[in-house]
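Chain by chain, the residues:
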Amino acid sequence: MSNPDALLVDIAAMVESERSNQMPLTVVVPGAVITGRLAPERLWHERVAEVLAASDHLKPFAALFATSATGDTAPPATRPTHLHLHVARILQGSFGLPHTGGMYRIAIADVSSWTVGDLSYSDQ
C-alpha cells in the first residue's frame with residue numbers, strides 16, 4: 001500500500017501516546033494475515049530485549065532493542081510508520097503461528113487491509 005491508511009496511522013499514534021497494549025488488530029500484508037495486540041514501540045522493544053537477553057545465543061542482540069527502548073537513538077517520527085504487535089500470530093489455515101504468540105513489526109505502508117479485533121479459530 002503506497003499511501004498508508006490515515007485511520008490506521010491515527011490508531012497507531014493513539015496507542016503510542018497512551019502506552020496502551022490492549023488494542024487488538026488483524027492486518028493483511030503481502031503473503032500473510034497477522035493478528036495480535038498493538039503495543040507502543042518502546043514497550044515492544046523492551047519485551048523483545050527481555051526475550052533476547054534470556055537466550056545464551058541471542059543475548060548480544062538484546063542491547064540493540066534495549067537502546068531503542070530507552071530512547072537513546074534518534075527521536076521517533078511524528079507519525080508512526082510501523083505497527084508493533086505482541087501476542088501476535090500469523091494465521092495459516094486453521095491455526096496461528098506461533099501458538100503462544102510472537103512479536104512482529106510491520107510497516108504500515110505494507111498493510112493492504114485491516115480490522116479491529118484479534119482473530120482466532122474454534123473447533124466448533
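As a starting point, this report considers the structure included with it. Here the residue index of a chain counts from 1 through its sequence in written order. Owing to the predicted nature of the model, reporting of local features is limited to residues with pLDDT of at least 70; listing and counting of side-chain atom pairs is limited to 80 or more, with chain, interface and lining totals taken over all residues. With hydrogens and water excluded, all non-hydrogen atoms of the structure serve as input to the side-chain values.

Put simply, a patch holds well-exposed residues, over 30% relative accessible area, that have no salt bridge, with like charges counted together within 9 Å and Val, Leu, Ile, Met, Phe, Trp or Tyr side chains within 5 Å. Accessible surface is estimated by sampling points in the Shrake-Rupley manner with a 1.4 Å probe; for residues, cover comes only from the protein chains shown. We define a salt bridge as a contact between a side-chain nitrogen of Lys or Arg and a carboxyl oxygen of Asp or Glu at a distance within 4 Å. Together, Leu58, Phe61 and Leu64 make up a nonpolar patch on the protein surface, roughly 300 Å² of accessible area in all. By the secondary structure assignment, Leu64 is in helix α3 (residues 59–69). Helix and strand definitions here come from DSSP, where helices need a minimum of 4 consecutive H or I residues and strands a minimum of 2 consecutive E residues; each element is numbered from the N-terminal end.

What follows deals with the sheet that holds strand β2 (residues 32–38). Strands qualify as paired when DSSP identifies two bridges or more between them. As summarised here, the arrangement of the 5 strands in space is β4-β3-β2-β1-β5, forming an open sheet in which the pairing is antiparallel. With one partner strand each, in any of the chains shown, β4 (95–107) and β5 (113–116) form the two edges of the open sheet. When strand polarity is set aside, the average angle formed by the axes of neighbouring strands in this sheet is 30 degrees. Where strand β1 (residues 23–29) lies against β5, 4 bridges are found, and the strand directions are antiparallel. When the sheet's bridge partners are listed, Thr26 is paired in β5 with Thr115. The criterion used for residue contact is that any of the two residues' heavy atoms lie within 4.5 Å. Whenever a helix is involved, its axis is fitted only over the stretch in contact; in every case the axis is a line through C-alpha atoms, and angles between N-to-C directions fall within 0 to 180 degrees. Along the sheet, helix α2 (residues 41–53) contacts β3 (82–92) and β4; its crossing angle with β4, the most-contacted strand, is approximately 125 degrees.

Just distances and angles here, no functional claims.
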